[in-house]
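# Secondary and tertiary structure notes
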Amino acid sequence: MSENGERKGGVSEQSGDVGKKKFVSAELEGADGYKLLTGLIVPRPIGWIGSRSPAGNNNLAPYSFFNAISGDPPTIVFSPGAGAGNRRDTADNVRATGEFTVNIVTDEVAEAMNATSASLEPGEDEFAYAGVTPLESTMINAPRVGECKAQLECRLSNELHVGRSDGGNWLLVGEVVAFHIDLDLLDGTRVDQQKLKAVGRHAGNTYSRTWELFDLARPA
Ligand SMILES: Cc1cc2nc3c(=O)[nH]c(=O)nc-3n(C[C@H](O)[C@H](O)[C@H](O)COP(=O)(O)O)c2cc1C
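I will try to describe carefully the structure that is included in this document. All values reported here derive from a predicted model rather than from experimental measurement.

Let's shift gears to helix α2 (residues 89–97). Three or more residues of α2 are buried, namely D89, T90, A91, N93 and V94. Looking at the buried side of α2, the elements it contacts are β2 (47–52), β3 (58–63), β5 (74–78), β6 (99–104), β9 (150–162) and β10 (169–181). Directly beyond the C-terminal end of α2, a positive phi value near 75 degrees is found at G98.

If you want it as structure tokens, here you go:
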């Protein structure tokens, strides 16, 4: 490998590369890597994470570095910033208590979700700030968002620090111990995607609606 990561003797530009710009991650500055990632990996589901500090303060914030990663047991991951400039109350609470909720972000609550991304002081309650109703969980000690069509009760199962040692992110993995889902969305355990109206996040302030759907039959 040469210093910029090209394979020695490798082809620097192939016909398939014409009309494309290449970014070498090691040469990117500031937030460029973040901007490229969040502009390309879209739409990202949004985990609206409810947590409670050891002192008992409720906290609520959106995380789009978020996904489902395993079905049995049902498991999710989300990734709050770490380090001095990026410290998140959610990460502090979840790492201290081991419990949190994931509240599914749909069209009806998108604006309230966005409001809860405001940088409030650690003791300030985003439920009150955004005008949403805290609802107690049934198996863990963390608040759910009463207005959401679906809420997941989770227990922290693994944590991992990723990225720069002076910053980076926490990868917080949680086992979903209970699901609460509006009855009118459900046909058994099938969730009606048209009715759910989940919202996805793109780059910056841009979101998408997920109810323009199409099906592809899986090959045999
Ligand atoms: C839609 C959306 C998605 C976000 N995703 C993330 C994320 O994945 N990781 C992160 O660290 N911050 C993310 N943020 C920013 C946090 O929500 C924001 O910093 C918030 O104030 C953190 O709150 P907390 O300190 O109470 O946890 C996101 C913001 C928005 C609006």
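What follows continues from the structure just given.
Moving on to the site of the ligand. In the region of the ligand, 19 residues are neighbours, and Y63, G81, R88, D89 and T90 sit closest. One nitrogen or oxygen atom from the main chain of P62 is found 2.8 Å from an oxygen atom belonging to the ligand. T90 is positioned with one of its side-chain polar atoms (N or O) 2.5 Å from an oxygen atom of the ligand. Isolated, the ligand exposes 650 Å² of accessible area, and the fraction of that covered by the protein chains is 88%. Breaking the shell around the ligand down by element, the ones donating at least two residues are β3, α2 and α3 (110–115). Here the shell around the ligand gets four residues from one element, more than from any other, and that element is β3. Counted by class, the shell around the ligand contains eight nonpolar, seven polar and four charged residues.

Rules of the game
- Residues numbered from 1 in each chain as written.
- Predicted model: local features only at pLDDT ≥ 70, side-chain atom pairs only at ≥ 80, totals over all residues.
- Heavy atoms only, no water.
- Buried < 20%, exposed > 50% of the residue type's maximum accessible area, 1.4 Å probe, protein only.
- Helix = DSSP H or I, 4+ residues; strand = E, 2+ residues; numbered from the N terminus.
- Contact = heavy atoms within 4.5 Å.
- Near = heavy atom within 4 Å.
- Polar contact = N/O pair within 3.5 Å; in protein donor to acceptor, adjacent residues only side chain to side chain.
- Areas by Shrake-Rupley, 256 points an atom, 1.4 Å probe, with all protein chains shown as cover.
- Nonpolar A, V, L, I, M, F, W, Y, C, P; charged D, E, K, R; others polar.

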